[in-house]
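Tertiary structure, described
Here is how the chains run, residue by residue.
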Amino acid sequence: MKERIVSGMRPTGKLHLGHYLGVIQNWVELQHKYESFFFVADWHALTTKYDKTENLKNDVIDVAIDWLASGIDPDISTIYVQSLIPEIAELNVYLGMVTPQNWVERDPTLKDMAKILRTKEGQNSQISYGLMGYPVLMSADIMMMNATHVPVGIDQVAHIEITRDIARRFNNIYKTDFFNEAKPLLNNCSLICGLDGNKMGKSFQNDIKISDTEEVTAKKIMTAITDRSRLRKTDLGHPDECEVAFKYWQIFGKEEQIEKVKCECEKGERGCADCKRQLGALINEKFKEIREKRRYYETHIDEVKDILNEGSKKARIEAQKVLNNIRRLVNMY
Ligand code: TRP
């Protein structure tokens, strides 16, 4: 039997290259090796945006479109919407009972989220009970499919650790070995920074979206930070101190391209503007097919909805099997 992966993303709107390189690309490869479940975590979106749900439905679809365009294949992977699987909410209840409060309180990722929330919404912003339960709900997502592995970005690893702890505790309490202790699966791609050199993120306005047009991409790339000490084209450049552009070359370029850029830059034979124009073209080339596919799905939304509904039905059948076992183990009526 194939081992099983589960992973999800919050519906934060259109995805950027950080999502693509850090997570989606990994999923696309893994789906051939593992039985794969990918879902849009719309309940998790509510943990911080319960009062801003106007775009939630569209955001779910946008995320699904980005996945499909990137090569997640609905014929081999199950793609679903978290909130269409009510079994996850029930499992969340059982897991909430066995999870000690201090396990969630010390979750570093949750602490970061709380910090961001406070900077955005002011010092008085309240952390809801639902947000405190973020790692437990995430454990329910993973354990619902009794996954063996969870492919995520490095920022999610702390959550997976809690999931393993909760699975072990559940198994101990109910004297079973039913739940796997799911392992994180990290990819080996280096993290892509934003155009300003900080972490790429939608809210920092330093991202390039999968869905950006070629013109927008080219324009954004021109704002990428380079070697700050360099003023003229003929100044000798320092690729290693080039804060963004050369890093992008290293991610997207072929070996010989990278070497050429480095040599020319060091000799003062390549201006930063020219360099970024070429870089924009390279990135546009990389995403050409994905963007074409994306445009197809944008104009065939019903097809996307069908995929989500079908996938959710399939996921639900798996969830019900697991839940039957859990109810029996916990001795529910
Ligand atoms: N917390 C994840 C993120 O922000 C999304 C997520 C929710 C998830 N449930 C999950 C990821 C279960 C993996 C497995 O990206």
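Analysis parameters
- Residues numbered from 1 in each chain as written.
- Predicted model: local features only at pLDDT ≥ 70, side-chain atom pairs only at ≥ 80, totals over all residues.
- Heavy atoms only, no water.
- Helix = DSSP H or I, 4+ residues; strand = E, 2+ residues; numbered from the N terminus.
- Rg over C-alpha atoms; globule rule 2.2 N^0.38 Å.
- Buried < 20%, exposed > 50% of the residue type's maximum accessible area, 1.4 Å probe, protein only.
- Contact = heavy atoms within 4.5 Å.
- Lys, Arg positive; Asp, Glu negative; His and termini not counted.
- Charge placed at Lys NZ, Arg CZ, Asp CG, Glu CD.
- Polar contact = N/O pair within 3.5 Å; in protein donor to acceptor, adjacent residues only side chain to side chain.
- 1 Å grid on protein atoms, 1.4 Å probe; cavity = no way out; pocket = protein on both sides within 12 Å on 5 of 7 lines; lining within 4 Å.
- Points joined across faces, edges and corners; volume = space filled by probe spheres on them.
- Nonpolar A, V, L, I, M, F, W, Y, C, P; charged D, E, K, R; others polar.
- Salt bridge = Lys/Arg side-chain N within 4 Å of Asp/Glu carboxyl O.
- Domains from an automatic or database assignment.
- Buried area = accessible area lost by both parts, 1.4 Å probe.
- Near = heavy atom within 4 Å.
- Areas by Shrake-Rupley, 256 points an atom, 1.4 Å probe, with all protein chains shown as cover.

Looking only at helices and strands, one finds 15 helices and 5 strands in the protein. By the compact-globule yardstick of 20 Å for 333 residues, the protein fits well, its C-alpha radius of gyration being 22 Å. The principal-axis extent of the C-alpha atoms belonging to the protein is close to 80 × 45 × 40 Å. In the protein, which comprises 333 residues, the proportion classed as buried is 51%. Contacts in the protein between residues far apart in sequence, at least 24 positions, make up 78% of those at least 6 positions apart. Put simply, the protein has 48 plus and 49 minus side-chain charges, and the middle of one group is 2 Å from the middle of the other.

Right, let's talk about the side chain of Asp 207 for a bit. In this structure, Asp 207 sits in the loop between strand S5 (183-185) and helix H10 (214-221). On the accessibility criterion, Asp 207 (5% relative accessible area) is buried. In this structure the side chain of Asp 207 is engaged in a polar contact, spanning 2.6 Å, whose partner is the side chain of Lys 209. Setting aside its immediate chain neighbours within four residues, Asp 207 contacts His 16, Leu 195, Met 200, Gly 201, Lys 202, Asp 212 and Lys 220.

Before going further, it helps to spend a moment on empty space enclosed by the protein. In this structure the tally under the stated criterion is 1 cavity of 30 Å³ or more. When its volume is computed, the largest cavity comes out at roughly 100 Å³. As for the largest cavity, its lining consists of 13 residues, of which Arg 230, Cys 242, Cys 265, Cys 272 and Cys 275 are closest to the centre. Elements supplying a minimum of two residues to the lining of the largest cavity: helix H11 (245-252), helix H12 (255-266) and helix H13 (272-286). Across the lining of the largest cavity, the residue classes break down as 8 nonpolar, 2 polar and 3 charged.

Our focus in this paragraph is the pattern of salt bridges. Tallied over the entire structure, the rule returns 21 salt bridges. For Lys 209, the salt bridge identified is with Asp 207, shortest N-O distance 2.6 Å. One salt bridge connects Glu 264 with Lys 260, and the closest N-O pair in it is separated by 3.4 Å. Highlighted residues: Glu 264 and Lys 260, both in helix H12, separated by 4 residues, approximately one helical turn. With a relative accessible area of 48%, Lys 260 lands in the partly exposed category. Each of Lys 14, Asp 62, Asp 66, Arg 294 and Glu 298 takes part in salt bridges that share partners, so that together they form one network.

Okay, the domain arrangement of the protein next. The domain boundaries assigned to the protein delineate domain 1 (4-192 + 301-330) and domain 2 (211-286). Between the C-alpha centres of domain 1 and domain 2 there is a distance of 36 Å. Each partner contributes to the interface: domain 1 provides 6 residues, whereas domain 2 provides 5 residues. Summed over both sides, the interface between domain 1 and domain 2 buries roughly 450 Å², with carbon and sulfur atoms accounting for 77% of that surface. There are 0 salt bridges connecting domain 1 and domain 2.

Below, the discussion takes up the site of the ligand. Among the 13 residues in the neighbourhood of the ligand, the closest are listed as Arg 10, Tyr 134, Met 138, Asp 141 and Gln 156. Tyr 134 places a side-chain nitrogen or oxygen 2.6 Å from a nitrogen atom of the ligand. Within the side chain of Gln 156, a nitrogen or oxygen atom sits 2.8 Å from a nitrogen atom of the ligand. The protein chains hide 93% of the 360 Å² of surface that the ligand would expose on its own. Of all elements in the fold, only strand S1 (4-9) and helix H8 (134-144) reach the threshold of two or more residues within the shell around the ligand. Here the element with the most residues in the shell around the ligand is H8; it accounts for 4 residues. Along the lines of polarity and charge, the residues of the shell around the ligand split into 7 nonpolar, 4 polar and 2 charged.

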